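Residue-level structure breakdown
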Amino acid sequence: MKVRVTKRSAAVTDIPIHTEFIKLQDFLKFANAVESGGMAKNMIVNEEVQVNGETCTMRGKKLRPGDVVTFLDNAWRVTADET
C-alpha cells in the first residue's frame, strides 16, 4: 500500500497595524479573512480560529505584533506599521 503525503504552503502574510493591539474579531475583518463581523464571531465561537497555534474562542482577544492567526488553512502575522 502506497501513501502519498502532500505539504501545504506555510506562507504567512504580514498584516501591519497602526495601533498597539487589535482585537481578534476586528483583525479577521481587517485582513479580509471574513466578510463581516458576524461571520468573524461565528468562526471564532465555532473554534475555527487559532492564535499562535492554539484555538481561541475570545472575540476580544488582543493581538499584538508577532502574533500569528490561522484560519481556513491561511496564516497572518500581526506586525507593527513602521511609518
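First, a word on scope: everything that follows refers to the structure included in this document.

The rules behind these values
Residues numbered from 1 in each chain as written. Predicted model: local features only at pLDDT ≥ 70, side-chain atom pairs only at ≥ 80, totals over all residues. Heavy atoms only, no water. Helix = DSSP H or I, 4+ residues; strand = E, 2+ residues; numbered from the N terminus. Buried < 20%, exposed > 50% of the residue type's maximum accessible area, 1.4 Å probe, protein only. Contact = heavy atoms within 4.5 Å. Areas by Shrake-Rupley, 256 points an atom, 1.4 Å probe, with all protein chains shown as cover. Phe/Tyr/Trp six-rings, centres within 6.5 Å; stacked < 30°, edge-to-face > 60°. Lys NZ or Arg CZ within 6 Å of the ring centre and 35° of its normal.

1. Structural notes on the overall build of the chain
Tallying secondary structure elements over the chain gives 2 helices and 7 strands in all. Mapped from its N terminus to its C terminus, the chain presents α and β elements in the order β-β-α-α-β-β-β-β-β. Looking at the chain as a whole, 30% of its 83 residues are labelled buried. Pairs at least 24 residues apart make up 48% of the contacts formed inside the chain by residues separated by at least 6 positions. Within the structure as shown, the chain displays about 6000 Å² of accessible surface, and the carbon and sulfur contribution to it stands at 47%.

2. Describing the packing of aromatic side chains
Here the structure, examined in full by the defined rule, presents 0 aromatic pairs. Taking the ring centre of Phe-21 as reference, the NZ or CZ of Lys-62 above it sits at 4.6 Å.

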